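# Observations on the model geometry
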Amino acid sequence: MQKTGEAQSVIQARAELLELGGGSWAYGASLSYRGHDKTFTALNERTSSQELSLEVAVKLLSSLKRPCRVSFLSSSIQPPDRRWLERAATTLRMGKSATELIGLLRTHEVKWGKPHEEDEQKCLGLAAEAATQGQHLLAFLETGDENALQHFLGQQPAASPAETMAKTSFKSQYALFGSTLSEQDKETETLCTELSSL
């Protein structure tokens, strides 16, 4: 494996957290290199900002296939203190993520900083979009509301749930949901490979 000092690529990593209340958070993040961008978003329920900060840093850095120099820019994720990370690695809730981040910081040369306002707003917009989509999915999973599923899939909801069921079965909607996720996974893998091979 290449040592960190030999890393040639400089990747821009940007990430912001958005507090939604009640222990729920969303994040928006991106990796950028030579005009190639890959975005990452998620809605996390019942978590803390510290847990999510670790999770986001691990997600971005573990997406890189080889050692890189990374400029990690965020207003809401603070540079991790080494002692704090070592203590967090011994806890039940943050142990796995903290341990992974310690290893990733040995692999990649990471410099932490604050983003430009435009980049910060872009990541916050991604986080807000993830929160909205996640809430639609949760509403569907909790209540079976077909309109919530339609919103999640980016389609116009039908006039009524009965009309939606008449037009298409739940099984075909679920298949569409599954194929949408697998397409996103393929896109993620392709772009992360492109980012790391440049």
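Source: prediction; values computed, not measured.

This part covers the overall build of the protein chain. The number of helices and strands found in the protein chain is 7 helices and 5 strands. Secondary structure of the protein chain in N-to-C order comes out as β-β-β-α-β-α-α-β-α-α-α-α. Evaluated residue by residue, the protein chain yields a buried proportion of 39% over its 198 residues. Of the contacts formed within the protein chain by residues at least 6 apart in sequence, a portion of 63% connects residues at least 24 apart. Accessible area of the protein chain: about 11100 Å², with a carbon and sulfur share of 51%.

Here the focus is the side chain of Ser 53. Mapped onto the fold, Ser 53 is located in helix 1 (residues 49–62). In this structure the side chain of Ser 53 is engaged in a polar contact, spanning 2.8 Å, whose partner is the backbone oxygen of Ser 49. Every residue in contact with Ser 53, bar those within four places of it in the chain, is listed here: Leu 17, Ser 76 and Ile 77.

For the rest of this paragraph, the subject is the sheet that holds strand 3 (residues 36–44). Ordered in space as 3-2-1-4-5, the 5 strands form an open sheet in which the pairing is mixed. Bordering the open sheet on either side are strand 3 and strand 5 (109–113), each of which pairs with just one other strand. Here the strands of the sheet are splayed against their neighbours by 20° on average, with no regard to which way each runs. Bridge analysis of strand 4 (residues 69–73) against strand 5 gives 5 bridges, and the strand direction is parallel. If you follow Ser 71 over to strand 5, its bridge partner there is Lys 111. Running at roughly 25° to strand 2 (residues 24–33), helix 1 makes contact with strand 1 (10–21), strand 2, strand 3, strand 4 and strand 5 of the sheet.

Our focus in this paragraph is the nonpolar core. Side chains of a nonpolar character, in soluble globular proteins, are inclined to be buried together. In terms of nonpolar packing, the biggest core is built from 31 residues, with Tyr 27, Val 56, Leu 60, Val 70 and Phe 72 touching the most fellow members. Among the elements of the structure, strand 1, strand 2, strand 3, helix 1, strand 4, helix 2 (82–88) and helix 3 (95–107) are those that each provide at least two residues to this core. The element contributing the most residues to this core is helix 1, with 7 residues. Apart from residues no more than four positions distant in its own chain, Val 56 is found in contact with Ala 15, Leu 17, Tyr 27, Ala 29 and Ile 77.

What follows deals with helix 3. Because each turn of an α-helix spans 3.6 residues, side chains separated by three or four positions end up pointing in the same direction. With 13 residues, helix 3 extends 19 Å from end C-alpha to end C-alpha; this agrees with the ideal 18 Å at 1.5 Å per step. Those residues of helix 3 not exposed but buried are Gly 95, Ala 98, Leu 101, Ile 102 and Leu 104. For helix 3, the secondary structure elements touched by its buried residues are helix 1 and helix 2.

The subject of this paragraph is the pairing of strand 2. With respect to burial, strand 2 is a largely interior element, 10 of its 10 residues being buried. What you see with strand 2 is no split at all: Ser 24, Ala 26, Gly 28, Ser 30 and Ser 32 on one side and Trp 25, Tyr 27, Ala 29, Leu 31 and Tyr 33 on the other are buried throughout. Pairing of strand 1 with strand 2, which is carried by 9 bridges, proceeds in the antiparallel orientation. Note on strand 2: the bridge partner recorded for Gly 21 is Ser 24. What sits between the antiparallel neighbours strand 1 and strand 2 is a turn of 2 residues, in which Gly 22 has the positive phi angle 65°. Counted between consecutive antiparallel strands, the loop separating strand 2 from strand 3 contains 2 residues, among which Arg 34 sits at a positive phi close to 45°.

With that settled, the discussion passes to the packing of aromatic side chains. For the structure on display, the rule yields 1 aromatic pair. Between Phe 72 and Trp 112, the ring centres sit 4.5 Å apart and the planes meet at 35°, which makes this aromatic pair tilted. One end of the pair, Phe 72, is in strand 4; the other, Trp 112, is in strand 5, and 40 residues separate them in sequence. Judged by its relative accessible area of 0%, Phe 72 is buried. Using a relative accessible area of 26% as the deciding quantity, one classes Trp 112 as partly exposed.

Criteria and cut-off values
Residues numbered from 1 in each chain as written. Predicted model: local features only at pLDDT ≥ 70, side-chain atom pairs only at ≥ 80, totals over all residues. Heavy atoms only, no water. Helix = DSSP H or I, 4+ residues; strand = E, 2+ residues; numbered from the N terminus. Buried < 20%, exposed > 50% of the residue type's maximum accessible area, 1.4 Å probe, protein only. Contact = heavy atoms within 4.5 Å. Areas by Shrake-Rupley, 256 points an atom, 1.4 Å probe, with all protein chains shown as cover. Polar contact = N/O pair within 3.5 Å; in protein donor to acceptor, adjacent residues only side chain to side chain. Pairing = 2+ DSSP bridges. Axes fitted to C-alpha atoms, helices over the stretch in contact; angles between N-to-C directions. Core = buried A, V, L, I, M, F, W, Y, C linked by side-chain atoms within 4.5 Å. Expected span 1.5 Å × (residues − 1). Phe/Tyr/Trp six-rings, centres within 6.5 Å; stacked < 30°, edge-to-face > 60°.

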